[in-house]
Amino acid sequence: MTTEIMPVHPHSPQHIIVERAAEILRRGGLVAFPTETVYGLGANALDPVAVQRIFTAKGRPSNNPLIVHLASSEAARELCANWPASAQLLAERFWPGPLTLILPKSETIPGLVTGGGPTVALRIPQHPVALALLRAVKLPIAAPSANRSTELTSTKADHVLNSLGGRIDMILDGGPTPGGLESTVIDLSGNVPTLLRPGLISPHDLRLVLPDLQLAAHLHSNAADSNKESKQNSTAVRDEQSSTPLISPGLMSKHYSPRAKLECWSPEGWRRVQELLSEGASVGWLRWGHQTNLRHSRLKVFDMPADSLAYGSCLYAKLHDMDEANVTHIVLDLPPDEEHWLAIRDRLRRASTVWHEPLASV
Ligand code: TXA
Ligand code: MG
């Protein structure tokens, strides 16, 4: 299959281009499009054949459910078996925007979309291209991030093309996605609202709306992993081989990974860089929080932004850049274990093979 790349204006998308993409989706095809978080790979959520194409194109295990994207809260409510007050509050405050809500699913949604489980993930994106496409197509659109399963998430059309070119019908190229990290996911299907995946909306802002919001167990800092390598091997293999719905989907630990070996270090990243260089490795260093200056022909350095939003917005792009530079190792200086770094540290924990930081005091 040839993948058509269609440049589109990110702020005022051209009607004729949006309509072409919508027509592909109506016919059961796959279209990648920008959202305010990352690029999504869309298909008609009501068409199991089209949804199956997403799983095939991504190489995604069929028990990992997809987020359904809609143009309005009313359309979202129709896909849930019930709509609690907490959903109404969050939707009023944060939709359209980078927030995904997990709710009991209605019968309209095919089981393939939800990984066979009883709940559905819903989101109304804010990006003008995504919203225009959803309004034009007038269908719920299932859209995971537009990358092969376990590989780095795409924040530019080029990333999508490198990962999924030849496997999907069209890429709407609306430039780099502004947010750079996947949406915040909150599970509202149980007794207590639970943050499953931190994202661009901080836990602080979420608690202003939902004071009883809890963090899922894996997000507590004491769950930080001092033995990264062994955890990755056991959890990733078990999750991906199982055919039953995942109890906590999205927790597959091998995720978002660059090709190079990613090592997260605090506080001594620069020492590790030196060590790797002396062993003959070629190293990408995502430097943060200090000025130590090293120069070497096999070293590529990038200074990550001090601010967490700016950091999140460029993190995946910098990991992609390091892979394109063919380094064997990426060393990253870890930002601190503080709440506004939660989403970034969550992604890094999954992407890295080494996590080296003093254990948090209990
Ligand atoms: O920002 C985003 O959320 C992007 C854009 C395209 O909207 N999408 C995205 O989709 O990141 P994906 O498939 O890469 O991640 C969706 C996450 C997965 O971790 C999945 O397991 C979880 O949401 N998820 C989906 N449905 C769920 C459900 N019913 N219960 C629990 N988790 C669910
Ligand atoms: Mg993803």
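Just above sits the structure.
What you see is a predicted model, and the numbers here were worked out from it, not measured in a lab.

Peer 1: How would you summarise the overall build of the protein chain if you had to cite specific residues and measurements?
Peer 2: Scanning the protein chain from terminus to terminus reveals eleven helices and 16 strands. By the burial criterion, 56% of the 362 residues in the protein chain qualify as buried. In the protein chain, 67% of the contacts between residues at least 6 apart in sequence involve partners at least 24 apart.

Peer 1: Give me the nonpolar core: which residues, what numbers.
Peer 2: In this structure, L90 and L122 are the most contacted members of the largest nonpolar core, which totals 50 residues. Looking at this core, the elements that each hand over two or more residues are β3 (39–44), α2 (48–58), α4 (85–94), β5 (99–104), β6 (119–123), α6 (157–164) and α7 (203–209). Take this core: its biggest share by element is five residues, from α2. In contact with L122, not counting residues within four places along its chain, are I67, V68, L70, A76, L79, C80, W95, L99, T100, L101 and L103. L152, Y256, L286 and W341 belong to the second largest nonpolar core, which has 25 residues in total.

Peer 1: If you had to explain helix α9 (residues 269–278) to someone new, which residues and values would you point to?
Peer 2: Regarding α9, the residues found buried are G269, R272, V273, L276 and L277. Across the axial projection of α9, the buried residues extend over an arc of 135°, all falling on one side. Of the surrounding secondary structure, the elements contacted by the buried residues of α9 are β12 (261–265), β13 (283–287), β14 (299–303) and β15 (329–333). Following α9 by one or two positions, G280 adopts a phi angle in the positive range, close to 95°.

Peer 1: Any details on the sheet that holds β15? Residues and values, ideally.
Peer 2: Strands sit in the order β14-β13-β15-β12-β16 across an open sheet of five strands; the sheet is parallel. The outermost strands of the open sheet, each flanked by one partner alone, are β14 and β16 (354–356). Sheet twist, expressed as the mean angle between neighbouring strand axes with direction ignored, is 15°. Sheet topology note: the β12/β16 ladder contains three bridges and is parallel. For C264, the partnering residue across the bridge sits in β16 and is W355. Packed onto the sheet, α9 meets β12, β13, β14 and β15 and runs at close to 165° relative to β15.

Peer 1: So, the sheet that holds strand β11 (residues 214–215): which residues are in play, and what are the values?
Peer 2: If you walk across this open sheet you meet the eleven strands as β1-β8-β2-β3-β7-β4-β6-β5-β9-β10-β11, and the pairing is mixed. The sheet terminates laterally at β1 (4–7) and β11, the two strands that pair on one side only. Note: strand β2 (residues 31–34) against strand β8 (residues 170–173), two bridges, orientation parallel. In the strand pairing of β8, V31 is matched with M170. Running at roughly 145° to β3, α2 makes contact with β3 and β7 (141–142) of the sheet. Most of the contacts of α4 go to β5, to which it runs at about 160°, and overall it touches β5 and β9 (184–187).

Peer 1: Describe in detail the packing of aromatic side chains, supporting the description with residues and values.
Peer 2: All told, the structure shown has three aromatic pairs when counted by the stated rule. Seen from their ring centres, W83 and W95 are 6.2 Å apart, and the 40° between their planes marks the pair as tilted. With W83 in the loop between α3 (73–77) and α4 and W95 in the loop between α4 and β5, this pair connects stretches of sequence that are twelve residues apart. Under the relative-accessibility criterion, W95 is labelled buried at 9%.

Peer 1: Go over the packing of helix α10 (residues 308–324) against helix α11 (residues 342–351) with me, naming the residues and quoting the values.
Peer 2: Close contact between α10 and α11 brings their axes to 9 Å; oriented N to C, the two are set at 30°. When the interaxial angle is binned, α10 and α11 end up roughly parallel. Note that α10 runs across α11; the crossing there is left-handed. Here S308, Y311, G312, L315 and Y316 of α10 come into contact with α11, specifically with I344, R347 and L348. Looking at the contact of α10 with α11 residue by residue, the class counts come to five nonpolar, two polar and one charged.

About the criteria used
- Residues numbered from 1 in each chain as written.
- Chains lettered and ligands numbered in written order.
- Predicted model: local features only at pLDDT ≥ 70, side-chain atom pairs only at ≥ 80, totals over all residues.
- Heavy atoms only, no water.
- Helix = DSSP H or I, 4+ residues; strand = E, 2+ residues; numbered from the N terminus.
- Buried < 20%, exposed > 50% of the residue type's maximum accessible area, 1.4 Å probe, protein only.
- Contact = heavy atoms within 4.5 Å.
- Core = buried A, V, L, I, M, F, W, Y, C linked by side-chain atoms within 4.5 Å.
- Arc of directions from axis to C-beta.
- Pairing = 2+ DSSP bridges.
- Axes fitted to C-alpha atoms, helices over the stretch in contact; angles between N-to-C directions.
- Phe/Tyr/Trp six-rings, centres within 6.5 Å; stacked < 30°, edge-to-face > 60°.
- Parallel < 35°, antiparallel > 145°, perpendicular 65-115°, else oblique.
- Left-handed = near helix turned anticlockwise from the far one by under 90°.
- Nonpolar A, V, L, I, M, F, W, Y, C, P; charged D, E, K, R; others polar.

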